[in-house]
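# Structural characterization, general
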Amino acid sequence: MMKKLLLTLICSFFLFNNLISQEIKATVNVNMEQVDPEKRIFVSSLENDLQNYINNQQFVNIEWEGERIPVDINIVLAGGNRNRFSARMYIVSRRSLLDDAEATSVAVRLLENKWVFTYSQGANLTFNINRFDEITSIIDFYMMLIIGMDLDSYGELDGNIAFDRAKQVLLLGANQGVEGWGTYAAPGELTKYTLISELTDPRYYNFRKLITELYLDGMDLLAKNKLKALENIAQTIGKMADFKEKRMVGPSALLQMFFDTKSREFAALFKGYPDGKVFDNLIYLDPTNAHVYNEARR
């Protein structure tokens, strides 16, 4: 009887772990070249601590299906006075394509350059969405944003649950007056606040639905029927241009983030494409990267 009970408990444990499986598979790299050599000991465990924290954490309260989202995080540290550090963090996530197990598409590409925190070797990093922490809250915010963008790529507005939680973290930082978490920004300025505000704003729901369409009808079809996939992607980009023309009254942080992420991928996909309208639409949507699209057009 005791053996049967033990076996039942073990099976239940693994079943429970499977149901609440983590969403992210992160690779973290910490560059300490700008930190004085005698102070590097204080952050010698940061890389491992952050990677373990992310990969063993469930950020959104849903049953996760499929593979975990691959995320690369590169952190460049500076400072070190009294264990106080500043950092730039480069984040890239990818989304697997359904008809090609080996292929991925860049889903999110972001730079965080206003991160300041106190850290001591072997710090205990714990998840608490109701408490702001200089280290974990910024990680939580970006992981929830990545999860939301991933969910949106499979179903219309499926990312709402993750974006709402990210906004909750944002407001905690804003209420404490932490630099980089403020709720004021110039129109179209890409900040944590402007980005999550647009992602949770119903006025941008139609654009988010077009992101879903782009993946399901376009990117996921590339391996099976590339010509049809490109045609569908071009049509979706046309709808995005129509959204900008008819629905927007100023610059957008969401559009900036999306096309900063996808510009080189779009350029590579449409290199030499015979219908020049797709390049016109891309340049209209993303004038900052016009040179990338013009190069592909030529």
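For the structure itself, look to the data block above.
Rules used throughout
- Residues numbered from 1 in each chain as written.
- Predicted model: local features only at pLDDT ≥ 70, side-chain atom pairs only at ≥ 80, totals over all residues.
- Heavy atoms only, no water.
- Helix = DSSP H or I, 4+ residues; strand = E, 2+ residues; numbered from the N terminus.
- Buried < 20%, exposed > 50% of the residue type's maximum accessible area, 1.4 Å probe, protein only.
- Polar contact = N/O pair within 3.5 Å; in protein donor to acceptor, adjacent residues only side chain to side chain.
- Contact = heavy atoms within 4.5 Å.
- Salt bridge = Lys/Arg side-chain N within 4 Å of Asp/Glu carboxyl O.
- Expected span 1.5 Å × (residues − 1).
- Axes fitted to C-alpha atoms, helices over the stretch in contact; angles between N-to-C directions.
- Left-handed = near helix turned anticlockwise from the far one by under 90°.
- Nonpolar A, V, L, I, M, F, W, Y, C, P; charged D, E, K, R; others polar.
- Phe/Tyr/Trp six-rings, centres within 6.5 Å; stacked < 30°, edge-to-face > 60°.
- Lys NZ or Arg CZ within 6 Å of the ring centre and 35° of its normal.
- Pairing = 2+ DSSP bridges.

Looking now at the side chain of K192. Along the chain, the position of K192 falls in helix α5 (residues 192–199). Its relative accessible area of 4% is what places K192 among the buried residues. A distance of 2.9 Å separates polar atoms of two side chains, one belonging to K192 and the other to E112. Once you skip the residues sitting within four places of it in the chain, K192 turns out to touch E112, F141, Y142, L170, G180 and W181.

We now examine the pattern of salt bridges. Applying the stated criterion across every chain yields a total of 14 salt bridges. R95 is the salt-bridge partner of D220, the closest N and O atoms lying 2.5 Å from each other. Separated by 125 residues along the polypeptide, D220 in the loop between α6 (205–217) and α7 (226–247) and R95 in strand β3 (residues 84–97) bring together distant segments of the chain. Residue D220 is classed as buried on the basis of its relative accessible area of 4%. Judged by its relative accessible area of 1%, R95 is buried.

Okay, α7 next. Taking 1.5 Å as the rise per residue, α7 with 22 residues should run 32 Å; its terminal C-alpha atoms sit 31 Å apart, in good agreement. Looking only at α7, the buried set comprises A229, L230, N232, I233, A234, T236, I237, M240, A241 and F243. In this fold, the buried residues of α7 make contact with α6, α8 (253–269) and α9 (277–285).

Where helix α4 (residues 160–175) meets α5, the closest approach of the two axes is 10 Å, and the angle between their N-to-C directions is 145°. Considering the relative orientation of α4 and α5, their crossing is left-handed. Contact residues: α4 offers F163, A166, K167 and L170, while α5 offers K192, Y193, I196 and L199. Counted by class, the contact of α4 with α5 contains six nonpolar, no polar and two charged residues.

Glancing now at the packing of aromatic side chains. Each aromatic ring pair is summarised here by two numbers: the centre-to-centre distance and the angle between the ring planes. Here the structure, examined in full by the defined rule, presents 14 aromatic pairs. Seen from their ring centres, F141 and W181 are 5.8 Å apart, and the 75° between their planes marks the pair as edge-to-face. Of the two residues, F141 is situated in helix α3 (residues 136–152) and W181 in the loop between α4 and α5; the sequence distance between them amounts to 40 residues. Among the residues examined, W181 registers a relative accessible area of 3% and is labelled buried. Through pairs of rings, three or more aromatic residues link up here, namely Y204, F207, F243, F258, F259 and F266. Cation over ring: R95 sits above Y154, and NZ or CZ is 3.9 Å from the ring centre. A cation over an aromatic ring shows up here: K192 above the ring of W181, its NZ or CZ 4.9 Å from the ring centre.

Below, the discussion takes up the pairing of β3. Sheet topology note: the strand β2 (residues 69–81)/β3 ladder contains 10 bridges and is antiparallel. Following the sheet pairing, V76 is matched in β3 by R88. Looking at chain direction, β3 and strand β4 (residues 100–118) are connected through 13 bridges and run antiparallel. Bridge pairing in β4 links V92 to R109. In sequence, β3 turns back onto β4 through a hairpin of two residues.

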